[in-house]
Amino acid sequence: MSEREQASSLSQDENQIMAERRQKLKSIREKRVAFPNDFKRSHFAKDLQEKHAGKDKEALEAEKIEVAVAGRMMLKRVMGKASFATLQDGSGRIQAYIANDGVGVEAHAEFKHFDLGDIIAIRGVLFKTKTGELTVQASEVRLLSKNIRPLPEKFHGMTDQEQKYRQRYADLIMSEESRTTFIKRSQIVQKIRDVMVSEGYLEVETPMMHPIPGGATAKPFVTHHNALDMPLYLRIAPELYLKRLVVGGLERVFEINRNFRNEGMSTRHNPEFTMIEFYEAYSDYQRMMEMTENIIRRCAETVCGSTTISYNGKEVELGKPFDRFTIVGAIKHYNPQYTDEQLADAAWVASEIKRLGGKLPPAPGLGSLQLALFEECAEGLLWNPTFIIDYPVEVSPLARGSDADPSITERFELFIVGREHANGYSELNDPEDQAARFMSQVAQKDAGDDEAMHYDADYIRAMEYGLPPTGGCGIGIDRLVMLLTDAPSIRDVILFPQMRPE
């Protein structure tokens, strides 16, 4: 049988099952409320397992622990006068025993027509079966929500990766691994908040729609506000608004929220993604690197129990001080055949980028060429955490220039397992320098660079009130979750990733 014939057969089988279940639902509607909402749950499966699974049969019988549990029926065994069902709630699973002498012959007979995937409620007393499994001996069994669409095949679950992304609800029902990933994601976000608050930072919210896109070099999504009759842009970064708050005297601020970039999609890129950005007055990029290390270590300890983790079968050490290289230093470390003279020759660097199959950068200058070469021949080799520091001015329009070398900035990017995870710098706080850099970005945009920045006159006005020396950083939360859950694709850690229409 061909794949198309198999798919057609499965579709016919599913349609037949759904028709039968709709008929069951119709029958239920004729007798009573089909989707009742009067059952009150008293316990969760996980709590019961943790508290009582270690007790022996006699101890449980003596305690007579009454419980009321509810969840999705994932397994069902019918054996004449008695049946077993496994319920799955948001915390875990627990078994139920349904028998004529417990719930009555009529209720048990009705239960026998329940389907896998039904949401059911069980009221009863805990006991241990002969095999030692903690079980609820039912005195009441009720159908709370009828399953119409059959669950994926129970032994293999959802094997189509694209289907998992499109139907995350079904993936979460069937896959404990997926549920664990998103529980860990929540724990990571909470730990980041805990770290920031412990450091005296204030959580804030800034606009998601901007009249001028800014804070990063990226192509924005464009929309239109009808009442104001003006274009608006989904934000590509919150940076310029957060620094306005530092001007206003909120000296330590952070925001965890979405950014939107109208760019390509890949295993590491989604058009909407989650970041934390944080800014601290009277600070610099050295302090931001310390904060970044602390955040990542604390998150690893929380969800992995260790700062030594495994990603794609290979160890990653997060507990030691992170390595540091300049762009040229990293290129030479991984490509010792390159000489200082070659790397200082813009024409040679450009030819080497072409030889490696890379694209020349839109921004002119030796620094941007060296960065492009780094991306081709070194970035993917940075497995353990490594800060790349001292980025060129022409690719760092918001970063403070170095007092020692005006061609570079006090900026870093953090790479782990060959991927960028964070970007930070000492913030440029000279309004005249910032205005000049904005004008340079405008020139690049006029020359065809869609990702170059706009000129933001209000941000310059804010800076003219005085922005104190400030350090700032952004960490990609999706990529951090990928790292700490050993996920190969960003879609595995976003509940509802963007997909083409079916």
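Residues numbered from 1 in each chain as written. Predicted model: local features only at pLDDT ≥ 70, side-chain atom pairs only at ≥ 80, totals over all residues. Heavy atoms only, no water.

If you check an unreviewed UniProt entry, the protein chain appears there as Lysine--tRNA ligase from Aquitalea magnusonii. Turning to the protein chain, the UniProt annotation filed under Catalytic activity (unreviewed entry) states: "tRNA(Lys) + L-lysine + ATP = L-lysyl-tRNA(Lys) + AMP + diphosphate". (UniProt positions renumbered as here; feature names shortened; annotations may be inferred.)

A.B. asks: Looking at this structure, how should I read the sheet that holds strand S8 (residues 222-225)?
C.D. replies: Strands in a sheet are paired, the pairing made by backbone hydrogen bonds, and the direction either parallel or antiparallel. Strand order across the open sheet formed by three strands is S7-S9-S8, with antiparallel pairing between neighbours. Looking at the sheet topology across the chains shown, the edges are occupied by strand S7 (209-210) and S8. Looking at chain direction, S7 and strand S9 (residues 230-234) are connected through two bridges and run antiparallel. Within the sheet, the bridge partner assigned to methionine 209 lies in S9 and is leucine 234. (Pairing = 2+ DSSP bridges. Helix = DSSP H or I, 4+ residues; strand = E, 2+ residues; numbered from the N terminus.)

A.B. asks: Can you help me understand the pattern of salt bridges in this one?
C.D. replies: Two side chains bearing opposite charge may form a pair once their charged atoms approach each other closely. Under the criterion given, the structure shown has 31 salt bridges. We note a salt bridge from arginine 142 to aspartate 38, for which the minimum N-O separation is 2.9 Å. Here the residue arginine 142 occupies a position in strand S5 (residues 134-145), and aspartate 38 occupies one in the loop between helix H1 (3-31) and helix H2 (45-52), the gap between them amounting to 104 residues. Linked by salt bridges that have partners in common, Arg21, Lys24, Asp115, Asp118 and Lys146 make up one network. (Salt bridge = Lys/Arg side-chain N within 4 Å of Asp/Glu carboxyl O.)

A.B. asks: Explain the UniProt feature "domain: Aminoacyl-transfer RNA synthetases class-II family profile" (unreviewed entry) in the protein chain here, please?
C.D. replies: The sites that UniProt annotates as "domain: Aminoacyl-transfer RNA synthetases class-II family profile" (unreviewed entry) are residues 185-501. Annotation note: span residues 185-501, helix share 35%, strand share 22%, distance between end C-alpha atoms 26 Å.

A.B. asks: In this structure, what is going on with the environment of arginine 72? I would like to understand it.
C.D. replies: Checked against the element boundaries, arginine 72 lands in strand S1 (residues 66-79). Take arginine 72: its relative accessible area is 22%, and that puts it in the partly exposed class. C-alpha of arginine 72 to C-alpha of leucine 245: the two residues are 173 residues apart in sequence and 47 Å apart in space. Look past the residues within four positions of arginine 72 in its chain and what remains in contact with it is Thr86, Leu87, Gln88, Gly117, Asp118, Ile119, Asn147, Leu151 and Ile173. (Buried < 20%, exposed > 50% of the residue type's maximum accessible area, 1.4 Å probe, protein only. Contact = heavy atoms within 4.5 Å.)

A.B. asks: I'm lost on unusual backbone geometry in this one. Help?
C.D. replies: Excluding glycine, a negative phi dihedral is what most residues carry, and trans is how most peptide bonds are arranged. Here aspartate 229, not a glycine, exhibits a phi torsion of approximately 50°, which is positive. As for its placement among the helices and strands, aspartate 229 is situated in the loop between S8 and S9. Relative accessible area serves as the criterion here: at 59%, aspartate 229 is assigned to the exposed category. One non-glycine residue, aspartate 486, adopts positive backbone phi at about 55°. With respect to the secondary-structure elements, aspartate 486 resides in the segment after helix H17 (477-485).

A.B. asks: Would you take a moment to explain the UniProt feature "binding site: Mg(2+) 2" (unreviewed entry) in the protein chain for this structure?
C.D. replies: The UniProt record marks Glu420 with the feature "binding site: Mg(2+) 2" (unreviewed entry), using the residue numbering of this structure. Within the secondary structure layout, glutamate 420 lies in strand S17 (residues 419-426). Its relative accessible area of 28% is what places glutamate 420 among the partly exposed residues. Contacts of glutamate 420, omitting those with residues within four sequence positions, involve Glu413, Leu414, Phe415 and Arg479.

A.B. asks: What am I meant to see in the nonpolar core here?
C.D. replies: It is characteristic of soluble globular proteins that their nonpolar side chains tend to be buried jointly. Within the largest apolar cluster, 44 residues are counted, with the highest numbers of intra-cluster contacts made by Ile192, Met196, Ile276, Phe278 and Leu484. Ranked by the residues each element gives to this core, the list is headed by helix H10 (residues 285-304), at nine residues. Isoleucine 192 has contacts with Ile256, Ile276, Ile295, Cys299, Ile477 and Leu480, leaving out every residue within four places of it along the chain. The next biggest cluster of nonpolar side chains, apart from the first, holds 28 residues, and it includes Leu25, Ala45, Val67 and Val136. (Core = buried A, V, L, I, M, F, W, Y, C linked by side-chain atoms within 4.5 Å.)

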